[in-house]
Amino acid sequence: MTKNWTKEEISEIYNQPLLDLIYKAATIHRENNDYSEVQISSLISIKTGGCPEDCAYCPQASRYHTNVNVHALMQVQEVADTARKAKDAGASRLCMGAAWREVRNNRDFDRVLEMVKVVNAMDMEVCCTLGMLTYEQAQKLKDAGLFAYNHNLDTSEENYKNIITTRTYADRLQTLDNVRKAKLTVCSGGIIGLGETEEHRIGMLYVLANLPQQPESVPINALVAVEGTPLEDQQRVSVWEMVRMIATTRIIMPKTVVRLSAGRLEMSLPEQALCFMAGANSIFAGDKLLTTPNPSLNEDMKMFEILGLKPRKAFKGTSRESDITEKRVVEQESVS
Ligand code: SAM
Ligand code: DTB
Ligand code: SF4
């Protein structure tokens, strides 16, 4: 059982002197996790642009005029090839994103289920982010071998309507509930730099930390301000805000994987090091997020070497971890 957090408690944690906050978060991180391990997720945009939603930050919404080229749903083989490359480069998780409002029961969904099966057979953790989902659809994904579902709350309930009007916070929470009931692991976090107040940031963490079961992973994104979106002129968030957000997440969700997500391209190595110190233990790697650039895997591997970090193996802490080890032993024995 995790503790119930109040907004006042979270606010006190968030607002304490920065070095105290980092020290506390680093201590909790070391008590609860192998702090030298970082989970590497690779993103692939399986269906790009043309989205009917109005998320003010998103370059893929069809109503904004951005430079994103619309691309229909990818073929299974293309996804399999990309997944293989990501795995060879060290990624243990592949996250497939689609610019959909929601999943529909059609041939596209059948194709996504195929993609999940193929990537799961490569012994990678498969994650999808496809918009809203019913319980039955979540179950189908689970049966196909999906490991995690990403569905971000993005901001607080109070701020939600300032950022998105085409769906509600309750819709978002309903999908998270459907995902949880289908026994998928939950990945849900948000974005800072949308023009929100500190209260809104704390409000989002309050909801995430007090879900019936805390998410297994929480991505913290810094807004990538994209030309053509309503938030194109937003000022970049400072690294201190990112560190505060990550450290607070770590303290109130001690065992969750906290992902230092969008916005790393603008961060120096020492700035990212502070985020890892403050409890971040995952990144999106590969030169592209969904539609915007990200540091290259080469640069990230150099960073890991300097900081003494290592990529986390797939399925760590689950029964699948030992299955894979056994499978490798059998494979090696049959070769020799
Ligand atoms: N369409 C699905 C949905 O909205 O749930 C899945 C894809 S959507 C692009 C996934 C997440 O990417 C969003 O919830 C948001 O948190 C993040 N995101 C999108 N655009 C972003 C931006 N410009 N900067 C930072 N994060 C962004
Ligand atoms: C998440 O929290 N961040 C990722 C992933 N989940 C799907 C997406 C970031 C997108 C940044 C803007 C883009 O590249 O389009
Ligand atoms: Fe569509 Fe998702 Fe972008 Fe919103 S965040 S516009 S739902 S792709």
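Residues numbered from 1 in each chain as written. Chains lettered and ligands numbered in written order. Predicted model: local features only at pLDDT ≥ 70, side-chain atom pairs only at ≥ 80, totals over all residues. Heavy atoms only, no water.

Description of the pattern of salt bridges
Counted under the stated rule, the structure contains 16 salt bridges. Ionic pairing is found between Glu125 and Arg93, a salt bridge with its closest N-O pair at 2.9 Å. A residue pair is termed long-range when its members are at least 10 positions apart, and Glu125 in strand E3 (residues 125-129) and Arg93 in strand E2 (residues 93-98) qualify at 32 residues. One salt bridge in this structure joins Glu216 and Arg180, with 3.0 Å as the shortest N-O distance. Pair noted here: Glu216 is in the loop between helix H8 (198-209) and strand E7 (217-222) and Arg180 is in helix H7 (residues 169-181), with a separation of 36 residues, a long-range link. (Salt bridge = Lys/Arg side-chain N within 4 Å of Asp/Glu carboxyl O. Helix = DSSP H or I, 4+ residues; strand = E, 2+ residues; numbered from the N terminus.)

A word on empty space enclosed by the protein
Applying the stated criterion across every chain yields a total of two cavities of 30 Å³ or more. Put simply, the largest cavity is a space of about 810 Å³. Taken together, 38 residues form the lining of the largest cavity, with Tyr57, Cys58, Gln60, Asn152 and Leu290 sitting closest to its centre. Elements with a contribution of two residues or more to the lining of the largest cavity: E2 and E7. Class assignment of the residues belonging to the lining of the largest cavity gives a composition of 22 nonpolar, ten polar and six charged. Reported here for the second largest cavity is a volume of approximately 90 Å³. In this structure, the second largest cavity is lined by Ala222, Leu223, Arg236, Val237, Ser238, Val239, Met242, Gly263, Glu266 and Met267. (1 Å grid on protein atoms, 1.4 Å probe; cavity = no way out; pocket = protein on both sides within 12 Å on 5 of 7 lines; lining within 4 Å. Points joined across faces, edges and corners; volume = space filled by probe spheres on them. Nonpolar A, V, L, I, M, F, W, Y, C, P; charged D, E, K, R; others polar.)

A closer look at the environment of Thr185
Counting through the fold element by element, Thr185 comes out in strand E5 (residues 185-187). Between the alpha carbons of Thr185 and Ser156 there is a distance of 22 Å; along the sequence they are 29 residues apart. Within the structure, Thr185 has its side chain in polar contact with the backbone oxygen of Phe147 (distance 2.9 Å). (Polar contact = N/O pair within 3.5 Å; in protein donor to acceptor, adjacent residues only side chain to side chain.)

As for the site of ligand 3
Close to ligand 3 lie Cys51, Glu53, Cys55, Tyr57, Cys58, Ala61, Ala99, Trp100 and Arg167, which account for all nearby residues. At a threshold of 2 Å from the grid points, most atoms of ligand 3 map onto the largest cavity. When grouped by side-chain class, the residues that make up the shell around ligand 3 number seven nonpolar, no polar and two charged. (Near = heavy atom within 4 Å. Sits in = over half its atoms within 2 Å of the grid points.)

Here's the deal with the nonpolar core
Membership of the largest hydrophobic core comes to 94 residues, with the highest contact counts inside it found for Ile46, Tyr57, Met96, Leu130 and Leu141. Of the residues forming this core, the biggest block, eight residues, is contributed by helix H9 (residues 239-252). Every residue in contact with Ile46, bar those within four places of it in the chain, is listed here: Ala72, Leu73, Met74, Val79, Met96, Gly97, Ala98, Val112, Met115 and Leu130. Core analysis: the second largest hydrophobic core is formed by ten residues, Leu43, Phe147, Ala314 and Phe315 among them. (Core = buried A, V, L, I, M, F, W, Y, C linked by side-chain atoms within 4.5 Å. Buried < 20%, exposed > 50% of the residue type's maximum accessible area, 1.4 Å probe, protein only. Contact = heavy atoms within 4.5 Å.)

Comments concerning the packing of helix H1 (residues 7-15) against H8
Taken N-terminus to C-terminus, the directions of H1 and H8 make an angle of 120°; their axes are 9 Å apart at the nearest point. As summarised for this structure, H1 and H8 are arranged oblique, according to the angle between their axes. Crossing geometry of H1 relative to H8 is assigned as right-handed. Of the residues in H8, those in contact with Lys7, Ile10, Ser11, Tyr14 and Asn15 of H1 are Glu198, Arg201, Ile202, Gly203, Leu205 and Tyr206. Classifying every residue of the contact of H1 with H8 by side-chain character gives five nonpolar, three polar and three charged. (Axes fitted to C-alpha atoms, helices over the stretch in contact; angles between N-to-C directions. Parallel < 35°, antiparallel > 145°, perpendicular 65-115°, else oblique. Left-handed = near helix turned anticlockwise from the far one by under 90°.)

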